[in-house]
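# Residue-level structure breakdown
Now for the letters of each chain:
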Protein chains: 2
Amino acid sequence: MFNFVDTLKQLVECPSVSTDPKFKDGMTGAAFLFCDLFRQIGMEVELVKTPLHPIIVAERKGPKAWPHVVIYGHYDVQPADPYEEWKTQPFDATVKDGRMYGRGSADNKGPLLAHVAAVASLLEENPSLPLRITFVVEGEEEIGSLSLEDFLVKQRERISGDFVFVSDTCSPSPDQIVVTTALRGNFSVNVELTGPNNDLHSGLHGGALRNPIQALCTLCASLHNADGSVNVPGFYDGVLPVENWEREELKKYPLTEAAYKTFLGIDSFFSEKPYGPLEAVRFRPTLEFNGIGGGYQGPGSKTVIPSKAFVKITCRLVPDQNAADIQDKLIETLKERCPSGTKMEIERGHASGAYLVVPPGKSNSNPQMNPRLSVAFRAVNEAIEKHFGKRPLFMREGGSIPVFSSIKSVTEMDSLMVGLFTPDSNLHAPNESVHLQMLMNATEAFKDVLRSVADAR
Amino acid sequence: MFNFVDTLKQLVECPSVSTDPKFKDGMTGAAFLFCDLFRQIGMEVELVKTPLHPIIVAERKGPKAWPHVVIYGHYDVQPADPYEEWKTQPFDATVKDGRMYGRGSADNKGPLLAHVAAVASLLEENPSLPLRITFVVEGEEEIGSLSLEDFLVKQRERISGDFVFVSDTCSPSPDQIVVTTALRGNFSVNVELTGPNNDLHSGLHGGALRNPIQALCTLCASLHNADGSVNVPGFYDGVLPVENWEREELKKYPLTEAAYKTFLGIDSFFSEKPYGPLEAVRFRPTLEFNGIGGGYQGPGSKTVIPSKAFVKITCRLVPDQNAADIQDKLIETLKERCPSGTKMEIERGHASGAYLVVPPGKSNSNPQMNPRLSVAFRAVNEAIEKHFGKRPLFMREGGSIPVFSSIKSVTEMDSLMVGLFTPDSNLHAPNESVHLQMLMNATEAFKDVLRSVADAR
């Protein structure tokens, strides 16, 4: 059995930044380190080529009758900029106060290594365990999993197992684990309004025509109602109701509204009525303006009527909304409301749906759920309680990870998502870190889960 | 008598860009060329120092009983950039098809030279003409007349005459002169809204709080009514009604709504009801958004809720609105409407009032008008008709030139503004030009006006 902390240190010290060609060697190093690790623990390894960064497939094969767990992770990391805000070197892993600091320690090398360690230890203890295991570790998660869907389609038979086991989500604290039951989908729409064909002098022409900034503000202001809801016909089509058990879980979430307000630095919330802020970010679709621009943005003032103004919109969607359908409805509404005297150009961006997997025994559980996933859900509840001292919360999350809806649509596998980083892990930011004891506890819990799945065949 | 075209050529070839220290020699050259010209025609000249560019004062003195006309102009010009868009060299005056091309030919060297030529010719013909004349030619008009008010205050006695005679406004064509009867005032207000204390991930937090772009759009959208009027309590306080004679003059203005629409490149106007677009730009105050910005403005999309968003607003004011008062009212309204969950910062910019001078004999003429200005107004009507073939239109203009309200407030002089550039003069733009015959005709007309004022003593 490999040394967990030393191995994680080695992994973090491979600067595997997928977006930047300068880090090609770091990508190669991290990929081969994982390949080597999988071979050490007795798995068959293939590095599957893609147009950019290869995908690692590591398999413990076995008879078809054995349950088959697919474990997903990624070996690439976010860029470390701005370097000057790091207290330690981002690619020089440093252990301090029970945490390991370094880029990728929490996203996703540490949590992924907990799965590897669980499999390693389990197979060492029980070399004949009746369980097929396939690790799929990609190198493009931080740049949108460009090659993953194509890979899944091509290797569908080989990758299709009973469920996906993964740790790439958040838990509120090292002792309160969250099993994520839903992720929001999202889509983007960019809008540009053109008024006059050139920037105009606001003295000579002001008053005669529609100013495109005024038009854009009127258009944007029309997209929400005073109660915070989105004013786009059909925007809420397909939204599943929130179940009581979900509200009950949320009540146990260790974050008060007061603490959340302080964290955000605001003096009042603004969530869709009647949902509270902690509910709205998990349970409701949203329409957000991510950027706006037009006219003169320098210091002081300039008496110009600009020719153009633009806004960038993204919407978050919840189960079971159809992303393309809601995107169509927004675009239709924007076109209908295009203010007179302006011309509208719309750029339609990506769209991906929400993802939902309800644990067994809940009011809205899927009666068709893979029985081995049902076993895993029950096992994870007990194993987390045993190794962390508290049972996990089963909760929706506001973010979007399109990987899991892709996997679901190609292979029909659902995902069991156990969060192993915390809000203070500084994901995608300077001073990223992971709590080492959390990973140790998770390794033990994951062993229990995998053992239960093997036993349940 | 100097040669008009040669002299204007020499003036244009002095690159007197007041905003750019590189053109210091051009400023000095233009100033001394004017000084020399004034001395040639028998005037006493003083170059009055200011913190930046000196003001030329050229005087034909005489007994106090003589009428006293102050002629205003400026010897500085706008920068010539972008040079590559000029068809000729901007500081190499070129005569073609009856126009002189070059930076400053129309703004303001050509029109000012018509006044100088009129005075020169008049005094040559009649050396004992009973008329005091003072030219005030500044070098900072293009950078906001920074030193003029201080100069006026200090030299109030010396500069105070019967009225100001000036050509720094626009006429629609070389044969249709406009005498400008009003200029709009303006003020600026910049607004910044802050929501959360940092940019946030729109998945993790979207739905909980007010997005500052959404807040800003709602705030901005609230500032106009659907009929195009400004929705700020008290915004129209002090607005003088438009008189029938003003509407009648506008009907004679040689620009159709259809041609104006084509010029602007729009398919419909948006003016405050019930005013038409050509009325609104002259007769009504406006609130314009000159710039807006916030969040991500690069290509594609980014799922961020920005911390801040800002908008830049300027308002145009009409007679007799009080600029500081309307600015206060807007700021008060913005503060009252600050959306919950955001903090507002307001930057109060400059504010200057509108300027109005109604010709004698109109329904809204000032019965207290200086009688020599009344004479000049009547004379200009006849003289323009005689030398241009059409009587001038007496019309308000939408732009703002704070100089004339400054002069009015310090010296109580009103201004007689005769437009000598045209829309195709490309003011502040590449390929600036002036119509030479228009300047010749104006020279003759101005002689008639000055002679009438002298005769009327």
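The structure this text deals with has already been given above.
A brief structural summary. Being a predicted model, the structure only gives us computed values, none of them experimental.

### Quick look at the overall build of chain A
Of regular secondary structure, chain A possesses 14 helices and 18 strands. Over its C-alpha trace chain A gives a radius of gyration of 24 Å, about what one expects of a compact globule, namely 23 Å for 457 residues. Taken along its principal axes, the extent of the C-alpha atoms in chain A is 85 × 50 × 45 Å. When burial is assessed residue by residue, chain A has 60% of its 457 residues classed as buried. Across chain A, contacts joining residues at least 24 apart in sequence account for 79% of those joining residues at least 6 apart. On chain A, roughly 17,400 Å² of surface is accessible, and the fraction owed to carbon and sulfur atoms is 50%. Side-chain charges of chain A comprise 46 positive and 57 negative groups, with the mean position of each set lying 2 Å from the other.

### Considerations on the relation of the copies chain B and chain A
Under the fitted operation, chain B is carried onto chain A by 0.2 Å of movement along the axis and a turn of 180°, and the coordinates agree to an RMSD of 0.1 Å. On the angle and the small slide along the axis, the relation comes out as a two-fold axis. When the interface residues of chain B are mapped onto chain A, 100% of them again lie at the interface, so the same face is used by both copies.

### Concerning the sheet that holds strand β18 (residues 433-435) of chain B
Where strands meet in a sheet, backbone hydrogen bonds hold them as pairs that are either parallel or antiparallel. All names here are of chain B. Pairing is antiparallel across the open sheet formed by three strands, whose spatial order is β4-β5-β18. Looking at which strands have only one partner, the edges of the open sheet turn out to be β4 (94-96) and β18. Each adjacent strand pair in this sheet contributes to an overall mean axis angle of 25°, direction not counted. Bridge analysis of β4 against strand β5 (residues 99-101) gives three bridges, and the strand direction is antiparallel. Of the residues in β5, the one forming a bridge with K96 is R99. Sheet strands in contact with helix α1 (residues 4-12) are β4, β5 and β18, and its direction is about 20° off that of β5. Helix-sheet contacts for helix α14 (residues 436-455) involve β4, β5 and β18, and the interaxial angle to β18 is about 50°.

### Describing the interface of chain B and chain A
With 72 residues of chain B at the contact, the number on the chain A side is 72 residues. Between chain B and chain A, the buried area comes to about 5,500 Å², and carbon and sulfur atoms account for 54% of it. Between the two partners, chain B and chain A, sit zero salt bridges. For the side of chain B that touches chain A, the element with the highest residue contribution is strand β11 (residues 286-295) of chain B, accounting for nine residues. Class assignment of the residues belonging to the side of chain B that touches chain A gives a composition of 26 nonpolar, 36 polar and 10 charged. Looking at chain direction, strand β11 (residues 286-295) of chain A and β11(B) are connected through five bridges and run antiparallel. Of the residues in β11(B), the one forming a bridge with I292(A) is G294(B).

### With respect to the packing of helix α2 (residues 24-40) of chain B against helix α3 (residues 105-125) of chain B
Residues and elements named next belong to chain B. Direction vectors running N to C along α2 and α3 enclose 15°, while the axes themselves pass 12 Å from each other. Taken together, the axes of α2 and α3 lie roughly parallel to each other. Considering how the two elements wind past one another, α2 and α3 form a crossing that is right-handed. Contact residues: α2 offers A30, F34, L37 and F38, while α3 offers K109, L112, L113 and V116. Class assignment of the residues belonging to the contact of α2 with α3 gives a composition of seven nonpolar, no polar and one charged.

### Re the state of the cysteines
Counted under the stated rule, the structure contains zero disulfides over all chains. The structure places no disulfide on C14(A), whose sulfur is separated from the nearest cysteine sulfur, that of C35(A), by 12 Å. Since its relative accessible area comes to 13%, C14(A) is described here as buried. Distance from the sulfur of C220(A), which forms no disulfide, to the nearest cysteine sulfur (C217(B)) is 4.1 Å. Note on C220(A): relative accessible area 1%, which makes it buried.

### Some thoughts on the pairing of strand β2 (residues 55-60) of chain A
Remark: a regular strand shows side chains that alternate across the two faces of the sheet. All names here are of chain A. Within β2, six of the six residues are buried, leaving the element largely enclosed by the surrounding structure. Of the two faces of β2, the one lined by I55, V57 and E59 and the one lined by I56, A58 and R60 are each fully buried. Taken together, the five bridges between strand β1 (residues 44-48) and β2 define a ladder with antiparallel strand orientation. What sits directly across from L47, in β2, is I56. The hairpin formed by β1 and β2 contains six residues between the paired strands. Where β2 meets strand β6 (residues 132-138), five bridges bridge the pair, whose relative direction is antiparallel. Along β6, the bridge assignment pairs V57 with V136.

### Observations regarding the side chain of R184(B)
All names here are of chain B. By the secondary structure assignment, R184 is in the loop between β8 (178-183) and β9 (185-194). The charged side chain of R184 is buried without a salt bridge, its nearest counter-charge being E288 at 6.9 Å. A polar side-chain atom of R184 sits 3.1 Å from the main-chain carbonyl oxygen of V281.

### Describing the nonpolar core
Core analysis: the biggest nonpolar cluster contains 94 residues, and F38(A), F135(A), F165(A) and F404(A) have the highest contact counts within it. If near-sequence neighbours (up to four positions away) are discounted, F135(A) is found in contact with F38(A), M43(A), I56(A), V57(A), A58(A), I71(A), L112(A), H115(A), V116(A) and V119(A). Among the nonpolar cores identified, the runner-up in size contains 93 residues, and V69(B), I71(B), M413(B) and L439(B) belong to it.

Thresholds applied
- Residues numbered from 1 in each chain as written.
- Chains lettered and ligands numbered in written order.
- Predicted model: local features only at pLDDT ≥ 70, side-chain atom pairs only at ≥ 80, totals over all residues.
- Heavy atoms only, no water.
- Helix = DSSP H or I, 4+ residues; strand = E, 2+ residues; numbered from the N terminus.
- Rg over C-alpha atoms; globule rule 2.2 N^0.38 Å.
- Buried < 20%, exposed > 50% of the residue type's maximum accessible area, 1.4 Å probe, protein only.
- Contact = heavy atoms within 4.5 Å.
- Areas by Shrake-Rupley, 256 points an atom, 1.4 Å probe, with all protein chains shown as cover.
- Lys, Arg positive; Asp, Glu negative; His and termini not counted.
- Charge placed at Lys NZ, Arg CZ, Asp CG, Glu CD.
- Least-squares fit on C-alpha atoms with pLDDT ≥ 70 in both.
- Pairing = 2+ DSSP bridges.
- Axes fitted to C-alpha atoms, helices over the stretch in contact; angles between N-to-C directions.
- Buried area = accessible area lost by both parts, 1.4 Å probe.
- Salt bridge = Lys/Arg side-chain N within 4 Å of Asp/Glu carboxyl O.
- Nonpolar A, V, L, I, M, F, W, Y, C, P; charged D, E, K, R; others polar.
- Parallel < 35°, antiparallel > 145°, perpendicular 65-115°, else oblique.
- Left-handed = near helix turned anticlockwise from the far one by under 90°.
- Disulfide = S-S within 2.5 Å.
- Polar contact = N/O pair within 3.5 Å; in protein donor to acceptor, adjacent residues only side chain to side chain.
- Core = buried A, V, L, I, M, F, W, Y, C linked by side-chain atoms within 4.5 Å.

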